[in-house]
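Spelled out from the first residue to the last, the chains are:
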Amino acid sequence: MGTSFLLQLLINGLIVGALYGVVAMSFVLIYKASQVVNFAQGEFLLVGAWVCWWFLTEWQLPFAVGFLFTLVFMTLFGIILQAVVLRPLIGEPVISVIMATIGLGIFFQALMKWIFGVFAKPFPQVFGAERVAVFGLEVQSAYLLSLGISLAIMAGFGWFFRYSRHGLAMRATAFDQQVAQSLGISVPRVFAMAWAISAAVSAVAGVTVGMVNGVSAALSVYGIKVFPAVILGGLDSVVGAVLGGLIVGVLENLAQYVDSEWLNLGNMYQVAPFYALLLILMIKPYGLFGTKNIERI
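In the nomenclature of an unreviewed UniProt entry, the protein chain is known as Branched-chain amino acid ABC transporter permease of Roseomonas indoligenes. One UniProt comment on the protein chain, placed under Subcellular location (unreviewed entry), says "Cell membrane". Within the UniProt record for the protein chain, the comment given under Sequence similarities (unreviewed entry) is "Belongs to the binding-protein-dependent transport system permease family. LivHM subfamily."

*Asks:* Account for the packing of aromatic side chains, naming residues and giving values.
*Replies:* Tallied over the full model, the rule gives 16 aromatic pairs. With a centroid separation of 5.8 Å and 40° between ring planes, the pair formed by phenylalanine 39 and phenylalanine 227 is classed as tilted. Separated by 188 residues along the polypeptide, phenylalanine 39 in the loop between α1 (2-34) and α2 (41-57) and phenylalanine 227 in helix α9 (residues 221-233) bring together distant segments of the chain. The class of phenylalanine 39 is partly exposed, set by a relative accessible area of 33%. An aromatic cluster is present here, built from Phe44, Phe73, Phe77, Phe107, Phe108 and Trp195 joined pairwise through their rings.

*Asks:* Before we move on, could you go through the packing of helix α10 (residues 238-263) against helix α11 (residues 268-283) and cite the residues and values that matter?
*Replies:* At a minimum axis separation of 8 Å, α10 and α11 run at an interaxial angle of 125°. Relative to α11, α10 is oriented oblique. For the pair α10 and α11, the crossing hand works out as right-handed. On α11, the residues touching Val248, Leu251, Glu252, Asn253, Ala255, Gln256, Asp259 and Leu263 of α10 are Met268, Tyr269, Ala272, Pro273 and Ala276. Across the contact of α10 with α11, the residue classes tally to nine nonpolar, two polar and two charged.

*Asks:* Please set out the nonpolar core residue by residue, giving values where relevant.
*Replies:* If you look at the biggest cluster of nonpolar residues, it comprises 79 residues, and the most contacted ones within it are Met25, Phe123 and Met170. With 16 residues, the single largest contributor to this core is α1.

*Asks:* Talk me through a nonpolar patch on the surface; I want residue IDs and the actual numbers.
*Replies:* There is a patch of nonpolar side chains on the surface, built from Trp54, Trp59, Val65, Leu68, Phe69, Val72, Leu76, Ile79, Ile80 and Val84 and spanning about 920 Å² of accessible area. Position of valine 65 among the secondary structure elements: in helix α3 (residues 63-86). Judged by relative accessible area, which is 33%, valine 65 ranks as partly exposed.

*Asks:* An account of α2 is requested, with residue identities and associated values reported.
*Replies:* The terminal C-alpha atoms of α2 lie 25 Å apart, and with 17 residues this matches the ideal 24 Å at 1.5 Å per residue to within 8%. Within α2, 15 of the 17 residues are buried, which leaves it mostly tucked inside the rest of the structure.

*Asks:* Describe the environment of alanine 196, naming the residues involved and giving the relevant values.
*Replies:* With respect to the helices and strands, the residue alanine 196 is situated in helix α8 (residues 187-213). For alanine 196, a relative accessible area of 6% corresponds to the buried category. Between the C-alpha atoms of alanine 196 and isoleucine 95, which are 101 residues apart in sequence, the distance is 22 Å. Once you skip the residues sitting within four places of it in the chain, alanine 196 turns out to touch Met74, Thr75, Gly78 and Ile79.

*Asks:* Which residues make up the side chain of asparagine 253, and what values do they have?
*Replies:* In this structure, asparagine 253 sits in helix α10. Of note is the side chain of asparagine 253, whose polar atom sits 2.8 Å from the backbone oxygen of glycine 249. For asparagine 253, the contacting residues outside a window of four places in its chain are Leu9, Asn12, Gly13 and Tyr269.

*Asks:* So what's going on with the environment of methionine 193? Which residues, and what values?
*Replies:* Following the sequence through the fold, methionine 193 ends up in helix α8. Looking at methionine 193, the relative accessible area reads 17%, which means it is buried. Here the alpha-carbon distance between methionine 193 and valine 204, two residues eleven residues apart in the chain, equals 17 Å. If sequence neighbours within four positions are ignored, methionine 193 has contacts with Phe160, His166 and Met170.

*Asks:* Could you give me a rundown of the side chain of lysine 225, with the residues and numbers involved?
*Replies:* Looking at the element boundaries, lysine 225 is found in helix α9. The class for lysine 225 is buried, based on a relative accessible area of 18%. For lysine 225, the side chain forms a polar contact with the side chain of tyrosine 20, separated by 3.1 Å. Not counting the four nearest positions on each side in its chain, lysine 225 is found in contact with Tyr20, Val248, Glu252 and Tyr269.

*Asks:* Pulling in residues and values, what's your account of helix α4 (residues 94-116)?
*Replies:* Taking 1.5 Å per residue as the helical rise, α4 with its 23 residues ought to reach 33 Å, and the 33 Å between its terminal C-alpha atoms agrees with that figure. Among the residues of α4, Val97, Ile98, Ala100, Thr101, Leu104, Gly105, Phe108, Gln109, Met112 and Phe116 are the ones counted as buried. Summarising the contacts, the buried residues of α4 are in contact with α2, α3 and α8. Of the residues trailing α4, glycine 117 is marked for its positive phi of about 95°.

*Asks:* I'd like a description of unusual backbone geometry, backed by residues and values.
*Replies:* Positive phi outside glycine occurs at glutamine 60, with the angle close to 55°. Under the relative-accessibility criterion, glutamine 60 is labelled exposed at 61%.

Rules and cut-offs
Residues numbered from 1 in each chain as written. Predicted model: local features only at pLDDT ≥ 70, side-chain atom pairs only at ≥ 80, totals over all residues. Heavy atoms only, no water. UniProt positions renumbered as here; feature names shortened; annotations may be inferred. Phe/Tyr/Trp six-rings, centres within 6.5 Å; stacked < 30°, edge-to-face > 60°. Helix = DSSP H or I, 4+ residues; strand = E, 2+ residues; numbered from the N terminus. Buried < 20%, exposed > 50% of the residue type's maximum accessible area, 1.4 Å probe, protein only. Axes fitted to C-alpha atoms, helices over the stretch in contact; angles between N-to-C directions. Parallel < 35°, antiparallel > 145°, perpendicular 65-115°, else oblique. Left-handed = near helix turned anticlockwise from the far one by under 90°. Contact = heavy atoms within 4.5 Å. Nonpolar A, V, L, I, M, F, W, Y, C, P; charged D, E, K, R; others polar. Core = buried A, V, L, I, M, F, W, Y, C linked by side-chain atoms within 4.5 Å. Patch = residues over 30% accessible without salt bridge, like charges linked within 9 Å, V, L, I, M, F, W, Y side chains within 5 Å. Areas by Shrake-Rupley, 256 points an atom, 1.4 Å probe, with all protein chains shown as cover. Salt bridge = Lys/Arg side-chain N within 4 Å of Asp/Glu carboxyl O. Expected span 1.5 Å × (residues − 1). Polar contact = N/O pair within 3.5 Å; in protein donor to acceptor, adjacent residues only side chain to side chain.

In structure tokens, the structure reads:
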């Protein structure tokens, strides 16, 4: 029983960890492009999930169509948000921009509660079977869908940054904004692109979690849960974000196994990633793959 339970938790951890990795990549994408830590990342999940739920329930759209409309909406949402709120803050102290993202998070939390209420609402039935058997273990169908989408997004990110013109422009901007601008790259356009991609990708995670747990304000907590994954991998490393997400996903589930078998504390699932975060920061302050930034005075 214990071995079967452990294997189930490891599979769940890898699947959920891939989802964490996708959200962490969105986090890193904004930081690399604009040097902004977006503390409203969890609210992107929340807004995306509620918008998709609204398309499916109010407009009665098929899931594939509603999901596509959600991605389009969130792309425009990211562009408008960056242009209206964050572009005027270019050149301001970093703490001002960070506080602006915290304010945005609080605003969208309150707005979603005002529009949709404070109680969790279930997604319409998307799959014929809620769970499927994988190697004799039951896995949520939504999580398998998220795994496929997460792998596709990771592959897309790799191609985008390595071969596409816009991806190379984003890498150049992340390296040095002044040099990129001198080469004819529109830095504001790169910023808008980073926020648009981040919002759309976060919506994928929000919809997936919403299909499993229902849509509620609790979705925004994933922005905080992903933060240890971002720091573990390195704040400016896309590869590190993926690895950090997988580590956090597996660590959460291993902590749940240890707690249920021996410790019986009841909260190790939630706090274990933050213990790991403190440990990594003591050993490698820049994360596993983060760039060391040494300043001399």
